[in-house]
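Here are the chains, one letter per residue:
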Amino acid sequence: MLVNFTPPSASEYIRVLPEILLTVGGTILMIAEGLAGERHRRGLAPMALAFLLLALGGAVVAGMDPGPAFNNMLTVDGYATFFRLLVLIVGILSVLISGSYLTRENADSADYYALILFSLCGQSILASANELIMVFIGLEISSIATYVLAGFLRNDKRNNEAAIKYFLLGSFATAFLLYGVGWIYGVTGTTNLQEIHRFLTSSESVYSPLLVSACAAMMFVGFAFKVSAAPFQGWAPDVYQGAPAPVSAFMTAAPKAAAFAVFLRVYSIAFSGLTERWQPILWVSAMATMVIGNFAALRQDNIKRMLAYSSVAHAGYVMVAVVAHSEAGVAAAMFYLASYAFMNLGAFAIVTHYVGKGERYVGIDDMAGYARQQPLIAALFTWFLLSLIGVPLTGGFFGKFYVFKSAIDSNLIWLTVLGLLNSAVAAYYYLRIIVVMYFHEPTNETGAAGPVPAGVRLALIGSAIGVFVLGVMPSAVLEFANRSAMLSR
Amino acid sequence: MLDTIFFYVFALLTIGGAIATITRRSAMHSALSLIVSLLGVAGLYLLQKAEFLFAVQIVLYIGGIMVLFLFVIMLVNLDQAAKERQFNRQWLLGLVASVLVGAQMVWMLNSAGVLSLPAAVPAPAATGPGNIEALADLLFREYLLPFEVASLLLLVAIVGSVMMAKKTS
Amino acid sequence: MNVDLISILGNFYVLTLIKLGLVAGVLLTALAYLQWIERKVIAHIQLRVGPTRVGPHGLLQPLADTIKLLTKEDLMPSHVNKFFYVLAPMVAVFFALSAIAVIPFGPKINVFGIETYMQLSDLNIGILFLLALSGMGVYGIALAGWSSNNKYSLIGGLRSSAQMISYELPMALAIASPLLLAGSLSLREIAESQAGFMLGFIPRWSIFQMPAPQLMAFVLFMIAGFAETNRIPFDLPEAENELVAGFHTEYSSMKFASFFMAEYANMVTICCLATLLFLGGWYPIVPSPVADYIPTLVHLAGGGMLIFHGLQPARKWDKYTMPVFGVAFLAVGLLFLVPFLQPILLPLFWFISKVGILLFLFIWVRATLPRFRYDQLMHFAWAFMFPVSVVHLFVTAFLVALLK
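Residues numbered from 1 in each chain as written. Chains lettered and ligands numbered in written order. Predicted model: local features only at pLDDT ≥ 70, side-chain atom pairs only at ≥ 80, totals over all residues.

A. Focus on the pairing of strand 1 (residues 106-111) of chain C. Residues and elements named next belong to chain C. As defined by bridge partners, strand 1 adjoins strand 2 (residues 114-118) across five bridges and the pair is classed as antiparallel. Each bridged residue has a counterpart across the sheet, and for Gly106 the counterpart in strand 2 is Met118. Linking strand 1 back to strand 2 in an antiparallel pair, the connection comprises two residues, with Phe112 at a positive phi of about 50°. (Pairing = 2+ DSSP bridges. Helix = DSSP H or I, 4+ residues; strand = E, 2+ residues; numbered from the N terminus.)

B. How the structure looks around helix 4 (residues 78-104) of chain A. Residue and element names in this part refer to chain A. Compared with the 39 Å implied by 1.5 Å per residue over 27 residues, the 40 Å span of helix 4 between its first and last C-alpha is a close match. Of all 27 residues making up helix 4, 23 are buried, and the element is well covered by its neighbours. Just downstream of helix 4 lies Asn106, where phi reads positive at about 60°. (Expected span 1.5 Å × (residues − 1). Buried ≥ 20, exposed ≤ 12 C-beta atoms within 10 Å, placed from the backbone.)

C. Quick look at the arrangement of the chains. Most contacts, compared over the two pairs of chains touching, are made between chains A and B. In this structure chain A stays clear of chain C, and the shortest span between their C-alpha atoms is 9 Å. (Contact = placed C-beta atoms within 7 Å.)

D. Summary view of the interface of chain B and chain A. Opposite the 20 residues of chain B that make contact, chain A presents 27 residues. Breaking the side of chain B that touches chain A down by element, the ones donating at least two residues are helix 5 (91-111), helix 6 (131-142) and helix 7 (144-165) of chain B. Top element by residues in the side of chain B that touches chain A is helix 7 of chain B. It accounts for 13 residues. Grouping the constituent residues of the side of chain B that touches chain A by class yields 14 nonpolar, four polar and two charged. (Nonpolar A, V, L, I, M, F, W, Y, C, P; charged D, E, K, R; others polar.)

E. Just the confidence of the model for chain B, in detail. Of all residues in chain B, 81% attain a pLDDT of 70 or more, and the chain-wide mean is 81. When pLDDT is averaged over each element of chain B, helix 7 of chain B comes out on top at 90 and helix 4 (residues 78-83) of chain B at the bottom at 64. (pLDDT = per-residue confidence, 0-100.)

F. Unusual backbone geometry, seen in detail. The peptide bond linking A:Ala230 to A:Pro231 adopts the cis configuration, its omega dihedral lying at 0°. Inspection of the secondary structure assignment puts A:Pro231 in the loop between helix 9 (209-227) and helix 10 (235-242). At A:Phe70, a residue that is not glycine, the phi angle is positive and equals roughly 55°. For A:Phe70, a count of 23 C-beta atoms within 10 Å corresponds to the buried category. Of note in this structure, C:Leu47 is not a glycine but carries a positive phi near 60°.

G. Representation of the environment of B:Val159. Take B:Val159: it is sitting in helix 7. With sequence-adjacent residues up to four places away left out, B:Val159 is seen in contact with A:Asp111, A:Ala114 and A:Leu115.

H. Region of the structure containing the packing of helix 5 (residues 110-128) of chain A against helix 6 (residues 132-150) of chain A. Residue and element names in this part refer to chain A. Running from N to C, helix 5 and helix 6 cross one another at 155°; their axes reach a closest spacing of 8 Å. Here helix 5 lies roughly antiparallel to helix 6, going by the angle between them. The chirality of how helix 5 crosses helix 6 is left-handed. Touching Leu115, Phe118, Ser119, Cys121, Gly122, Gln123, Ile125 and Leu126 of helix 5 are Met134, Val135, Ile137, Gly138, Leu139, Ile141, Ser142, Ala145, Thr146, Val148 and Leu149, all from helix 6. When the residues that make up the contact of helix 5 with helix 6 are grouped by side-chain class, the tally is 13 nonpolar, six polar and no charged. (Axes fitted to C-alpha atoms, helices over the stretch in contact; angles between N-to-C directions. Parallel < 35°, antiparallel > 145°, perpendicular 65-115°, else oblique. Left-handed = near helix turned anticlockwise from the far one by under 90°.)

Below, the structure written as structure tokens:
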């Protein structure tokens, strides 16, 4: 009946191993909760961790045998493996800090972990997607799961606001992306990235560059929204502030990294022939993202909101690497996203712990004297903040260094200058927290947070080590990034 | 000739329905206009000899999703909703923005030479194995992975909506 | 001249118009008489006699009913949403009657040298088209319930839309499994795939066909069919002891008749569909030489019985009416022996008798079973019908893939 049908080979299945493991894991988690009943909810987080570690192993195994899978729908190269590992590590750290938070809020449930796993599955697809259809489906899986996670505590008004804002605006932005995909199919007759590249660069094909630019612009709307780049960053502060703290930690790292992964892949493969058309727009966007993020963060009092704006600003730095449009730029973006993931998660882990039950409002002044009460945690917080500033010996320093180096190599002098000025501005608001923690007298309310739970402790240690390793021995990661930055066209 | 007439009829249904959907004040009327719009799209599919898509469009969107929409609209108190002050009052701004974007698109499509193409060139009738067989072939061979992964997407959506809807303990 | 006439008749549009007229006439009459049959059958099941006043055995009752419904005052309550109130019955009856367009009644026939199918149009997605129409049909009831601006109507409309959506899933899944056997979506091809006999005497109907007999799917389909047509035991949308008359409470005259017609037309469609998908369409139950004489025998037996009863009249007029019907039956029975008419009449006989038996089942159930409670109805759909039909589809797919 089925003529010339060749079923997918075993190696193709191995290349999607992390996705398979994550899907199965999420499903098992949900079933397990139903079977084990309410009393065994403490076991859910370790179970989710086990699945994530399995998936991490799966990603490594998949990365050892690179190649396309399922009719070129996915391509598992070094680049894909890098981002898969990155989002999975972010997932592990987020689950570590979620356990105690959910218990505190009395919201332990398998759905939470299942949604994290599903979201990671979508991001893992995004990391390896080689086809605009897969890009869209992956993006939707990742986004829908995060929409729900953002509103996970349904009795909390801030959660609800975050979820509905994220959902409405996110769907709208994804519609733009989908529209762009539709147009690009109309123009080129294909949705495969390499073939789009081939079509657009071939001298035989007839098409209107204007129309293709319109497609690129519409897809930019979708991607820029997901990475919170200007002018589509408006949702980010409200959502990151309103969502449960561990979810914010997750959202600012994993979906963003995956969205950047696919952003870079689409623009440097499919639209690489139209650089002179999209580069100026992205230039403006990168500049605006940095400026808006940093200057808005300056004026924040709430630490969570400040970190949210800082997340926007950091997206701006990565955008600089995207604008550079070179292999060095891709490698720099990869490195930056990795180091940002660690330092940001670390900072958010501390915030998660510090806000306490019901997520009270924590202004910067509330941190006064924290160093005396919890010297170790304060030191770690300082370490993450220094990395966010970009002080040498931290991962953040080398991230910024490589990004701006790639920008200079691509002759983006003004953007580099603006970026450096921005980093200087950013230093002010990060340093302010450190100053308050170390040099201000403690007030009555501070120090209510109590001892740090084991999960958060583990996550903190992990992130701190990550920032340290990237800051002291960047070459190992950078070499891997450099090797995998050459995206196959 | 007949094809062209039908094309314009369906296009008119689609666009008219869509405009009515966003301008009607009553949610019921909006939903019914949306049905008209979806019917127009189904007609366009039929015109392009995509019978399967035509049927699926009607069965799923009109016969399934829109019925649920109506269901919800019937259950909520509409009179109250209609009386409430609506906060999407910037219709003038919206109109200007959409006219601008529309003009931009027309200009762009025109300069790309798309508008000078003949309207609604019907696709050639499928030869050999039918339309549905060809579709199934594509879905289950070339696009096997997106097809399967789409089920994960639906699963996530279901989990999400159940989670949002279920009662808090 | 003669040749010209035939070529005119053979013209696609003319031929379609003729067929359309024939089918519409027969269908509408059948719908009217279906109601008479229903009343009669239920009456006899309940040990009553049913309509007897208008014409012999109440045979002219449908005509009287039609006149009554047409001439009754067409009330338009002041509180309704006028546009949708008028639109709703039109929608209901339009989509219910359109369904007949894709249903084949028999094979390709040859009349005066014109070859044509006994079917209005052979869509290659016929079955999907029917599902689409039934999906659209929900709107008639839902809109009627909503536009009436009456709580009973609204609840009826809501119930019906929830019910029809819920039962559409198991129905579609039950339809999908015989499709796997037939390998086509065209109703004609589905029926044709069931021609012939296994081992020389078991008909290759879907419910018997190896490798995956579809008896289970047939049962599921019929149950879902009862729900889709809002018939007892699933007639919650118009449950008179709870909702007055449900969604058509505010309707009168021809608008009410439209809903009535839509319900019966849907019933006919469901039965035709069941016949085509599961019961071998127009193919006989036994191999050919025997099968060709069965219609004659059935009619002769019927005619003989009528004449016998006419000779011993139980009521006053029986001694005239019974023999007349008996003679008519005998004549029809003899018509089946005319070789020229055989290729047309035999398939029609088999098709109509199968549909008729299923319709009788509908009526029988109505006279026998009580109504479900609403939560039971939904629970039955989602917790029983749906999983069973999914599993059945898997099993069928598995068997077909393995053994075919």
